[in-house]
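Residues per chain, in single letters:
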Amino acid sequence: MTLTPATRMGLSISVAVGLYGLSFGALGVGAGLSVWQSCLLSLLMFTGGSQFGFMGVVAAGGAPTTALSTAVLLGVRNALYGIQMNAMLRPPWLLRPLQAHLTIDESTATALAQEDQTEQRRGFWTAGVGVFVLWNLFTLVGALAGDTIGDPTVCGLDGAAVAGFLGLLWPRLQDGDGRAIAVVCALACVLATPWLPSGVPIIMSGLVALTIGLATAHRHPAGGVHRPTTKDTA
């Protein structure tokens, strides 16, 4: 079987991103979630940024509603990707729920990197299915290993979570607008942290970013769409 460029890209991204599931599974157990709860989050939520955000608020002692709000806020981008992928790939009705679930940074980026429509479909499904399978597999492995180790920091897996967030953030900082928004949001989060409950400053900084984005939308060409890079995480 001959692998096309889109298929090769999708497979390589699947392996690279799937390995992050190890850190999520271990850190989920370390934060007080059970093995099955950690795995269920990966199966149903399936967006790395939202999962790490949810788990981070829980680990810090934040309220479940705050954790859920943080996860939803971080996952809003996937809804926007879904609109774009539906228009690009035009899936049949029966496949739309599955395509929506597999619409993440990596599957979207792989599809957008292709010029041919057939390759766009191959790239999307290869990356989407590949990341889903490996992410969930490694979440289980990480959760079982974390339960055995007891303290995820022993293996430096707490640093892996930070690295995952940096990987998600870095591609957004390639232009002046992105860097300026990041600085403003970071400053807002730091100033709010001593005064607000755990997790709320993250939500507030996200709302700041959303407000700035809406206020400056007129500066971008009509119909312009952000194309996430293949370095984005799940």
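Scroll up to find the structure.
This section reports on the structure supplied with the text. These figures come from a predicted structure and were not determined experimentally.

1. So, the overall build of the protein chain
Inference 1: When you go through the protein chain residue by residue, the secondary structure sums to eleven helices and zero strands.
Inference 2: The order of helices and strands in the protein chain, counted from the N terminus, is α-α-α-α-α-α-α-α-α-α-α.
Inference 3: Burial status across the protein chain gives 41% buried among its 234 residues.
Inference 4: Contacts in the protein chain between residues far apart in sequence, at least 24 positions, make up 76% of those at least 6 positions apart.
Inference 5: Carbon together with sulfur atoms contributes 71% to the accessible area of the protein chain, which is approximately 12,200 Å² in total.

2. Quick notes on the environment of Ser-42
Inference 1: If you trace the backbone, Ser-42 turns up in helix 3 (residues 35-44).
Inference 2: As for Ser-42 and Leu-140, which are separated by 98 residues in sequence, their C-alpha atoms are 9.2 Å apart.
Inference 3: If we skip the residues at most four places from it in the chain, Ser-42 touches Phe-24, Gln-51, Trp-135, Asn-136 and Thr-139.
Inference 4: A distance of 2.9 Å separates polar atoms of two side chains, one belonging to Ser-42 and the other to Gln-51.

3. A short note on helix 11 (residues 200-215)
Inference 1: Here helix 11 spans 22 Å end to end across 16 residues, near enough to the 22 Å set by a 1.5 Å rise per residue.
Inference 2: Taken as a whole, helix 11 has its buried residues at Pro-201, Ile-203 and Ser-205.

4. Focus: the nonpolar core
Inference 1: Counting 24 residues, the largest nonpolar core has Met-85, Val-131 and Trp-135 as its most contacted members.
Inference 2: Put simply, the parts of the chain that give this core at least two residues each are helix 1 (5-18), helix 2 (20-30), helix 4 (48-59), helix 5 (64-89), helix 7 (105-112) and helix 8 (117-149).
Inference 3: Apart from the residues within four sequence positions on either side, Val-131 is in contact with Ile-13, Ser-14, Val-17, Phe-46, Ile-104, Glu-106 and Asn-136.

5. Some points on the packing of aromatic side chains
Inference 1: Taken as a whole, this structure holds five aromatic pairs when the rule is applied.
Inference 2: With centroids separated by 6.3 Å and ring planes inclined at 25 degrees, the aromatic side chains of Phe-24 and Trp-135 adopt a geometry described as stacked. Taken together, the positions of Phe-24 in helix 2 and Trp-135 in helix 8 put the pair 111 residues apart, joining distant regions of the chain. Take Phe-24 and Trp-135: they sit in the same class, and that class is buried.
Inference 3: Between Phe-52 and Trp-135, the ring centres sit 6.4 Å apart and the planes meet at 80 degrees, which makes this aromatic pair edge-to-face. With Phe-52 in helix 4 and Trp-135 in helix 8, this residue pair connects regions lying 83 residues apart in the sequence. Across the pair, Trp-135 and Phe-52 agree in class, each one buried.

6. Quick notes on a nonpolar patch on the surface
Inference 1: Judged by side-chain polarity, Leu-68, Val-72, Val-76, Leu-80 and Ile-83 come together as a nonpolar surface patch covering roughly 480 Å² of accessible area.
Inference 2: Counting through the fold element by element, Leu-80 comes out in helix 5.
Inference 3: Residue Leu-80 is classed as exposed on the basis of its relative accessible area, which comes to 55%.

7. Looking at the packing of helix 5 against helix 11
Inference 1: Two elements in contact, helix 5 and helix 11, have axes whose closest approach is 9 Å; the angle formed by their N-to-C orientations is 30 degrees. Classified by the angle between their axes, helix 5 and helix 11 sit roughly parallel to one another. Between helix 5 and helix 11 the crossing geometry is left-handed. Contact with helix 5, carried on its side by Thr-66, Ser-69, Thr-70 and Leu-73, involves Val-200, Ile-202, Ile-203, Gly-206 and Leu-207 of helix 11 and no other residues of that element.
Inference 2: Partitioning the contact of helix 5 with helix 11 into residue classes produces five nonpolar, four polar and no charged.

Criteria and cut-off values
Residues numbered from 1 in each chain as written. Predicted model: local features only at pLDDT ≥ 70, side-chain atom pairs only at ≥ 80, totals over all residues. Heavy atoms only, no water. Helix = DSSP H or I, 4+ residues; strand = E, 2+ residues; numbered from the N terminus. Buried < 20%, exposed > 50% of the residue type's maximum accessible area, 1.4 Å probe, protein only. Contact = heavy atoms within 4.5 Å. Areas by Shrake-Rupley, 256 points an atom, 1.4 Å probe, with all protein chains shown as cover. Polar contact = N/O pair within 3.5 Å; in protein donor to acceptor, adjacent residues only side chain to side chain. Expected span 1.5 Å × (residues − 1). Core = buried A, V, L, I, M, F, W, Y, C linked by side-chain atoms within 4.5 Å. Phe/Tyr/Trp six-rings, centres within 6.5 Å; stacked < 30°, edge-to-face > 60°. Patch = residues over 30% accessible without salt bridge, like charges linked within 9 Å, V, L, I, M, F, W, Y side chains within 5 Å. Salt bridge = Lys/Arg side-chain N within 4 Å of Asp/Glu carboxyl O. Axes fitted to C-alpha atoms, helices over the stretch in contact; angles between N-to-C directions. Parallel < 35°, antiparallel > 145°, perpendicular 65-115°, else oblique. Left-handed = near helix turned anticlockwise from the far one by under 90°. Nonpolar A, V, L, I, M, F, W, Y, C, P; charged D, E, K, R; others polar.

Spatial relationships are all this shows, so hold off on functional conclusions.
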